[in-house]
Amino acid sequence: MQSRARAIQAVLELVSDQPVIVCNGFPSREAFKVKDRPENFYMTGSMGMAAAIGLGVALNKPQKKVVVLDGDGNVLMGLGTLATVGALKPKNFIHVVLDNEVYGSGGNQPSYSRVVKLDQIAKAAGYVNVERVREREDLVYEFKDMLGKDGPSLLLVKVTEQVEDVPWVPLPPAQIAERFRKAIA
Amino acid sequence: MIESDTFCQALQDIGFDFFTGVPDVLLAGIIETLIERRLYTPAVREDEAVAMAAGAFMAGKVPAVLMANAGLGNSLNTLASLNLLYRQPCLLLIAWRGFDGKDAPEHLVMGRTLPQLLETVRIPHRTLSEQTAPDDVRWIAQTFMKERIPVALLLKSGVVRGIQP
């Protein structure tokens, strides 16, 4: 099993100009450190809403594959959005769930994802492609595959609890949004 | 009473082209019109709706979110830490349930508190009326892009035609 930062790095190395929405807490901070790019949107608050933001982008940019880098705590908080995605079925939506089974940004308290199968919920909700991986090579294989086919897709990536020593994203939120908007125009 | 067709057209005329939200019976006529025009994407929660609106805005759309005032409670943190913080404007069309204290009991606290709640988080708001409607729509258009934050238009019962509670 790899660390979340390694998994984020693998995804960000495989995308070209695709918009990537990163959930709040350490995932955004690690993504900024690993590979900042204008097509990254770093969510800082609004926990649970990364997939909803990504869905708003995906529905209105149907020619671009939109990637959401989400966490298990975030998905559990915004579980209803799995239904919205499953019902609307945007073909260009890739939901990567980095699942460390804890609230890593809140003190490593266990999350229900260790007993509740988020990938099976996504499948039941109507996601077209659903995969679960642990190793980096499997992540690379499945994510590449999802980039090339119609979704919505969900890739559940089991990651370790390891957290990188990373600062806050140093960009002002309004600048993150404006930079992202221009980059994906 | 304003026809929902006229109201939706007025919003489209000033640029709104992405509508999402969670239904309220006061909004039923408007939502029906938006569905006929293929402009409405249903959400399951109001915080999801305002987050989708932020995504839509960054993708080049001009978004509006429909909800009852109960939904303002559901979406308050997302409005504060996403839409307001990142300066992602959207129009909030809020059904003002419990406006005059004569409504189902679950609407009374939010009905009484709605304007103060919006003022506390600094979301500019107006209440739509048939007499001031053209001016209300002009206000939305101006405030929306100037402030680049969510603006709210409150809809009381009987102002836009629809199914009444």
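Heads up: these notes are all about the structure in this document. The model shown is predicted, which means the values in this text are computed figures rather than measured ones. Here the residue index of a chain counts from 1 through its sequence in written order. Chain letters start at A and ligand numbers start at 1, both assigned in the order the entries are written. Given that the model is predicted, a residue must reach a pLDDT of at least 70 before its local features are reported, and side-chain atom pairs must reach 80 or more before they are shown or counted; all residues, however, enter totals for whole chains, interfaces and linings.

Quick look at the overall build of chain B
In this description a helix means any DSSP run of H or I spanning at least four residues, a strand means any run of E spanning at least two, and both kinds are numbered starting from the N terminus. Tallying secondary structure elements over chain B gives six helices and six strands in all. When the helices and strands of chain B are placed in sequence order, the string is α-β-α-β-α-β-α-β-α-β-α-β. Across its three principal axes, chain B shows a C-alpha extent of roughly 40 × 30 × 30 Å.

Some thoughts on the interface of chain A and chain B
With 27 residues of chain A in contact, the opposing surface of chain B contributes 25 residues. Of all the elements in the fold, those that place two or more residues in the side of chain A that touches chain B are helix H3 (50–60), helix H5 (80–88) and helix H8 (173–184) of chain A. Of the residues forming the side of chain A that touches chain B, the biggest block, eight residues, is contributed by H3(A). For every residue pair, C-beta atoms are placed from the backbone, and the pair is scored as a contact if these atoms sit within 7 Å.

As for the packing of helix H3 (residues 46–58) of chain B against helix H4 (residues 69–84) of chain B
Residue and element names in this part refer to chain B. Relative to each other, H3 and H4 sit at 35°, their axes nearing to 7 Å. For the pair H3 and H4, the sense of crossing is right-handed. Residue-level inspection shows Glu46, Asp47, Val50, Ala51 and Ala54 of H3 in contact with H4, the latter providing Gly71, Asn74, Ser75, Thr78, Leu79, Leu82 and Asn83. Residues are grouped as follows: Ala, Val, Leu, Ile, Met, Phe, Trp, Tyr, Cys and Pro are nonpolar; Asp, Glu, Lys and Arg are charged; all remaining types, including Gly, are polar. When its residues are assigned to classes, the contact of H3 with H4 shows five nonpolar, five polar and two charged. Throughout, an axis means a line fitted to C-alpha atoms (over the contacting stretch in the case of helices), and angles, computed between N-to-C directions, take values from 0 to 180 degrees. In this scheme, a crossing is called left-handed if the near helix is turned counterclockwise away from the far one by less than a right angle; it is called right-handed if the turn is clockwise.

Comments concerning the sheet that holds strand S2 (residues 40–42) of chain B
All names here are of chain B. Two strands are said to pair when DSSP picks up at least two bridges between them. In spatial order, the strands read S2-S1-S3-S4-S6-S5; together these six strands make up an open sheet with parallel pairing. The strands lining the two open edges of the sheet, one partner per strand, are S2 and strand S5 (125–127). Ignoring which end each strand starts from, the neighbouring axes of this sheet average 20° apart. For strand S1 (residues 18–21) and strand S3 (residues 63–68), the ladder comprises four bridges, and the chain directions are parallel. Residue pairing in the sheet places phenylalanine 19 in a bridge with alanine 64 of S3.

Regarding the environment of A:Gly78
With respect to the helices and strands, A:Gly78 occurs in the loop between helix H4 (72–77) and H5. Partly exposed residues are those falling between the two cut-offs: more than 12 but fewer than 20 other C-beta atoms within 10 Å of their own, whereas 20 or more means buried and 12 or fewer means exposed, with C-beta atoms placed from the backbone. Taking the C-beta count within 10 Å as the criterion, A:Gly78 has 25 such neighbours and is therefore assigned buried. Distance in space between the C-alpha atoms of A:Gly78 and A:Ala52 is 8.3 Å, their sequence separation being 26 residues. Residues within four places of A:Gly78 in sequence aside, it is in contact with A:Gly48, A:Met49, A:Ala51, A:Ala52 and B:Glu48.

Thoughts on the environment of A:Glu178
Position of A:Glu178 among the secondary structure elements: in helix H8. For A:Glu178 and A:Val159, which are 19 residues apart along the polypeptide, the C-alpha to C-alpha distance reads 31 Å.

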